[in-house]
Amino acid sequence: MEALDQLISLFSDFANPKKRIFVGYLGLSLLIAFGWLLVIKRQNLRDALRHLFDKRVFFSKSSIADYKIFVINGLISVLIAPYLLTQIAVATALFFALHKQSLFAAGVWDDTSKPIVIALFSLCMFVVDDLTKYLLHRWMHRWPLLWAIHKVHHSAETLTPITVYRVHPLEGLVYGLRGALAQGVVMSTFIFLFGDTVDLYTIVGVNVLVFLFHVTGSNLRHSHISIQYWPWLEHIFISPAQHQLHHSIAEEHFDKNFGAALAVWDWLFGSLHISEDNRKLTFGLGPKEMSSFKLADIYWRPFSDMGKYFKRRAKRIKARLAPSAAKSSQPRP
Amino acid sequence: MLKSTFKCTTLVAAGLFAATTVSAADVYGPYPVTVKGYEGDKTDSVSYSGQIARHVLHDSLKALASKGNGENAAELEAQMLSYFNGSDEDLPIIAPVSKDGFPVKQETVNAISSGKNISGKFYNGLMPAWPGAQSGKDVVLSMISKAAASEGGYDAENGYDWGQLISKYTMGAMMYNQSVDNYLDEKLDADQKPNDAPYSEGAAYTGKEHVWDEGFGYWGAPAHALSLTPAQAYAVAKQSDLAAADANGDGVVDLKSEYVFGPAYYAAGADNSGTKTTTYLPDIMRAFVSGRELITSAGGEALTDAQRSELKAYAATIESNWEKVLAEATFKYAGSVYADIAALEEAEGEDKAKAYRNYVKHWGELKGFAMALQTGRNNLGETAVELNNLIGFGPVTLDNSYVTGIDADGNFERKRRATWSEYQLSMLQVQALLADKIGVAARANDKTSALTDLADKLGAISNAETD
């Protein structure tokens, strides 16, 4: 019975508008992709449909591994959920701590008009969430220990909306921590300064800006439909094609387009790469890095890579200490 | 036509019958006399008028606390003490008294019960929440003395509202303490006030019947409390709903059985505020009614061990809910004090004085209830120490100093200072402590509820959606 409940809760993401894979968002993504192929790519109906539902994508070994990982990670997250740091714990602790500073009094701006506070909060929450996602994603690629975890996501050789769940459980933990910290900071600061007027503009229960991100095809980021925006717009929002380029194994695409919804961070920090017309991309990792479909390798490799990293570091430290140790053991003249 | 009228009257009669059967089970009394060999003419064994007299002494004492004018100290103190210690004279009831649309039956204390006092039933253990390491009774006596010497029961310099302090503290030190630490505690033991003997010679009630009645009397709810919504009970205590109070329909409110006094009023207040998820008033009331029915059902025989343990379970329900009621009130006023500080910081001139008066009033209620919590059967231990450290001996006053102790002459010393936001933080910590240790659930004036609401709205962080 309990196992059944867990299985149901696992698939409830499809019915939850707070999740990217909500059926409504998937349906809209499908429509957008279909429209793109028919109108922009001028494909006929049959080709467009065949392209859209390409079984070489949806039933590739890599994609089948994605589906399995979706189920396994869902079960793992049910087990660890009670032990995770929540945004309310962070927010409460920070809200208390804010009373210890004397620059601003609690509720100093509590007479600001409610619509302004709500708009400001909804925007701030979205922007801070997006910025911290960008930063963490960047570190995931730059720091060897984090890359060991994150490369699970990049081991996918075909992309489908479910690939968003292809992450190592440790990455889930790190991302959860980021979310708790980012949201906790914004919530506590706003409630401290603006009092009880703080609220969120929502549609179907989600931040209106997150909703917009999803209804405009966030699911197509992980797909084989490379929708491009105008170059100027790709400096502001990341297009699906730009994110697909982030998954490309071509060297010139390494460490580009870390952004989630906004491209401005990549633009600002020099990692922006606008999409390229008619470029055939290959996704995945180098041949020796990680299998795209062997689950044992996918789940275990990050640990062994981290172990190797520590071994290397230990060796280097030892080498650095060795000559000085030899020196200090020499008899004094 | 005739047929439908007949149907209608049958329906009304059936309805009335149903109503009386329901209400009979839900009203505290009357209960038959079960004492073996009783020779008097009483048919009802319920008796708790002495406790009602004490509620009235308390309400009157609170009203007197604000009558000082700076010149009548000795006279006022004597008057207050006559209500605290009791008097040979028949004292007039100062509160609650009749008001337009809410006539009260009794006008003097003796019309309820004679020879009663507060002092003989007052918690007298150590009261560490007040400066000077005094006994519970010494603390209230010093408060009465300070109230009499003040103007309008208000000490702006130290931040005290004497009426609030005396009243809320007494709700614990007399009512809560007597009920849960005396009548519902050791007096339920087999060898005390047995059920197979009259409480006292010639009494119409057994030992256990009267012990239970006295415990109920301190609770301060009307006999028909179970038929009242929290809002109605609240309105009765505010003397604004005669229909809800007047259970027997005689047009006047009988303080002995129809009025809502302090503890029951705060239970209704908690049920009617915050999350509105608690049921303190009906839960406590039902436990009292069930306990009394159990004793009555013994028919004047000694209670068996099984019956006594059932009775103790009812007593435990009453005690834990009552403690929560006091904690809910403390929680609520910690929230008020937090909000008052914000208002105080924004106010200027005359408004500031008003805002400060309001803050001192709420602080008095906060402190009084926090002290009340420490007069129960259980020693709150570390929780009490933390609570006292957070609230302090006095609130942060206008020059940011606060009372830290008393000197040898009984004058308050204010040797420390704190900022307003530091004190606000203490109020947040008081709320967190009460939520954590006592499990308050109504949480009126919850200062972190906005965070919880927002977090609920944002939903769990999706730790899987990475890119």
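Since the structure is predicted, the reported quantities are computational estimates derived from the model, not experimental observations. (Residues numbered from 1 in each chain as written. Chains lettered and ligands numbered in written order. Predicted model: local features only at pLDDT ≥ 70, side-chain atom pairs only at ≥ 80, totals over all residues.)

Draft legend 1. The overall build of chain A, seen in detail. Counting secondary structure elements, chain A contains 13 helices and two strands. In terms of its C-alpha atoms, chain A occupies a principal-axis envelope of roughly 90 × 60 × 55 Å. Burial analysis of chain A (333 residues in total) assigns 37% to the buried set. Contacts spanning at least 24 positions in sequence make up 71% of the contacts within chain A whose residues lie at least 6 apart. (Helix = DSSP H or I, 4+ residues; strand = E, 2+ residues; numbered from the N terminus. Buried ≥ 20, exposed ≤ 12 C-beta atoms within 10 Å, placed from the backbone. Contact = placed C-beta atoms within 7 Å.)

Draft legend 2. Main features of the overall build of chain B. If you tally the helices and strands in chain B, you get 15 helices and eight strands. Taken against the 2.2 N^0.38 rule, which gives 23 Å for 467 residues, the C-alpha radius of gyration of chain B at 24 Å falls within 12% of a compact globule. Buried positions account for 51% of the 467 residues belonging to chain B. Relative to all contacts within chain B whose residues are 6 or more apart in sequence, the contacts with residues 24 or more apart total 70%. (Rg over C-alpha atoms; globule rule 2.2 N^0.38 Å.)

Draft legend 3. Just the environment of Gly159(B), in detail. All names here are of chain B. The topology assignment puts Gly159 in the loop between β3 (154-155) and β4 (160-161). Given 25 C-beta atoms within a 10 Å radius, Gly159 is considered buried. Considering only alpha carbons, one finds Gly159 and Ala444, 285 residues apart in sequence, at a separation of 23 Å. Excluding residues within four positions of it along the chain, Gly159 makes contact with Val360, Trp363, Gly394, Pro395 and Thr397.

Draft legend 4. Here's a closer look at the interface of chain B and chain A. If you look at the interface, chain B gives 24 residues, while chain A gives 40 residues. Of all the secondary structure elements, the ones that give two or more residues to the side of chain B that touches chain A are α11 (305-346), α14 (420-437) and α15 (449-458) of chain B. The dominant element in the side of chain B that touches chain A, judged by the number of residues it contributes, is α15(B), at seven residues.

Draft legend 5. A look at the nonpolar core. Residue and element names in this part refer to chain B. Judged by nonpolar contacts, the single largest core of 125 residues is most densely connected at Ile166, Ala233, Val260, Ala264 and Ile284. Per element, the largest residue contribution to this core is 16 residues, and it comes from α11. Not counting residues up to four positions away in its chain, the partners in contact with Ile284 are Trp219, Ala267, Ile318, Asn321 and Trp322. (Core = buried A, V, L, I, M, F, W, Y, C linked by C-beta atoms within 7 Å.)

Draft legend 6. Looking closely at unusual backbone geometry. At the junction of Gly29(B) and Pro30(B), the peptide bond is cis and its omega measures out at -5 degrees in the coordinates. Residue placement: Pro30(B) occurs in the loop between α1 (2-26) and α2 (49-64). Cis geometry marks the peptide bond from Ala95(B) to Pro96(B), where omega comes out at -5 degrees. With respect to the helices, strands and loops of the structure, Pro96(B) is situated in the loop between α3 (73-85) and β1 (126-127). Positive phi, normally seen in glycine, also occurs at Arg42(A), with a value near 50 degrees. By secondary structure assignment, the location of Arg42(A) is in the loop between α2 (23-40) and α3 (45-52). You will see that Asn257(A), though not glycine, has its phi angle at about 50 degrees, which is positive. Residue placement: Asn257(A) occurs in the loop between α11 (240-246) and α12 (264-268). C-beta crowding within 10 Å serves as the criterion here: with 28 such atoms nearby, Asn257(A) is assigned to the buried category.

Draft legend 7. Broad picture of the confidence of the model for chain A. Looking at chain A as a whole, the pLDDT averages 92, with 96% of positions reaching at least 70. Per-element averaging of pLDDT across chain A places helix α1 (residues 2-11) of chain A at the bottom with 75 and α12(A) at the top with 98. (pLDDT = per-residue confidence, 0-100.)

Draft legend 8. How the structure looks around the confidence of the model for chain B. Residues and elements named next belong to chain B. On average, residues of chain B score 92 in pLDDT, and 93% of them reach the 70 mark or higher. In the predicted structure, residues 1-23 sits below a pLDDT of 50 and forms one contact with residues beyond four places in sequence or in another chain. Model confidence for the complex: the whole-complex pTM is 0.87, and ipTM, which rates the interface, is 0.84.

Draft legend 9. Expanded view of helix α4 (residues 136-149) of chain B. Residues and elements named next belong to chain B. Compared with the 20 Å implied by 1.5 Å per residue over 14 residues, the 21 Å span of α4 between its first and last C-alpha is a close match. Buried within α4 we find Gly136, Val139, Val140, Met143, Ile144, Lys146, Ala147 and Ala148. Where α4 is buried, its residues meet α3, β1, β2 (134-135), β3 and α5 (162-183). (Expected span 1.5 Å × (residues − 1).)

Draft legend 10. Structural context of the packing of α2(A) against α3(A). Residues and elements named next belong to chain A. Where α2 meets α3, the axes come as close as 9 Å, and the angle between the chain directions of the two elements is 140 degrees. By the angle between their axes, α2 is oblique relative to α3. Seen from above, α2 lies across α3 with right-handed handedness. Facing Ala33, Phe34, Leu37 and Leu38 of α2, the residues of α3 in contact are Ala48, His51 and Leu52. For the contact of α2 with α3, the residue count by class is six nonpolar, one polar and no charged. (Axes fitted to C-alpha atoms, helices over the stretch in contact; angles between N-to-C directions. Parallel < 35°, antiparallel > 145°, perpendicular 65-115°, else oblique. Left-handed = near helix turned anticlockwise from the far one by under 90°. Nonpolar A, V, L, I, M, F, W, Y, C, P; charged D, E, K, R; others polar.)

Draft legend 11. How the structure looks around helix α9 (residues 169-194) of chain A. Here α9(A) spans 37 Å end to end across 26 residues, near enough to the 38 Å set by a 1.5 Å rise per residue. Just past α9(A), the residue Gly195(A) takes up positive phi, approximately 70 degrees.

Draft legend 12. How the structure looks around the environment of Phe310(A). Residues and elements named next belong to chain A. With respect to the helices and strands, the residue Phe310 is situated in helix α13 (residues 295-328). Judged by C-beta crowding, with 10 C-beta atoms within 10 Å, Phe310 ranks as exposed. Sequence spacing of Phe310 and Leu145 is 165 residues, and the spatial spacing of their C-alpha atoms is 9.0 Å.

Draft legend 13. Inspection of the packing of helix α10 (residues 280-297) of chain B against α11(B) at higher detail. Residues and elements named next belong to chain B. Taken N-terminus to C-terminus, the directions of α10 and α11 make an angle of 160 degrees; their axes are 9 Å apart at the nearest point. Between α10 and α11, the interaxial angle falls into the category roughly antiparallel. Helix-helix and strand crossings are classified by hand; for α10 and α11 the assignment is left-handed. Taken together, the residues of α11 that come into contact with α10 (itself represented by Tyr280, Asp283, Ile284, Ala287, Phe288, Ser290, Gly291 and Leu294) are Gln307, Glu310, Leu311, Tyr314, Thr317, Ile318, Asn321, Trp322, Lys324 and Val325.

Draft legend 14. Inspection of the environment of Val56(B) at higher detail. Residues and elements named next belong to chain B. Relative to the helices and strands, Val56 resides in helix α2. Between the C-alpha atom of Val56 and that of Trp420, which follows or precedes it by 364 residues, the distance is 38 Å. Beyond its immediate stretch of four places on either side in the chain, Val56 contacts Ile93, Val109, Ile112 and Leu255.

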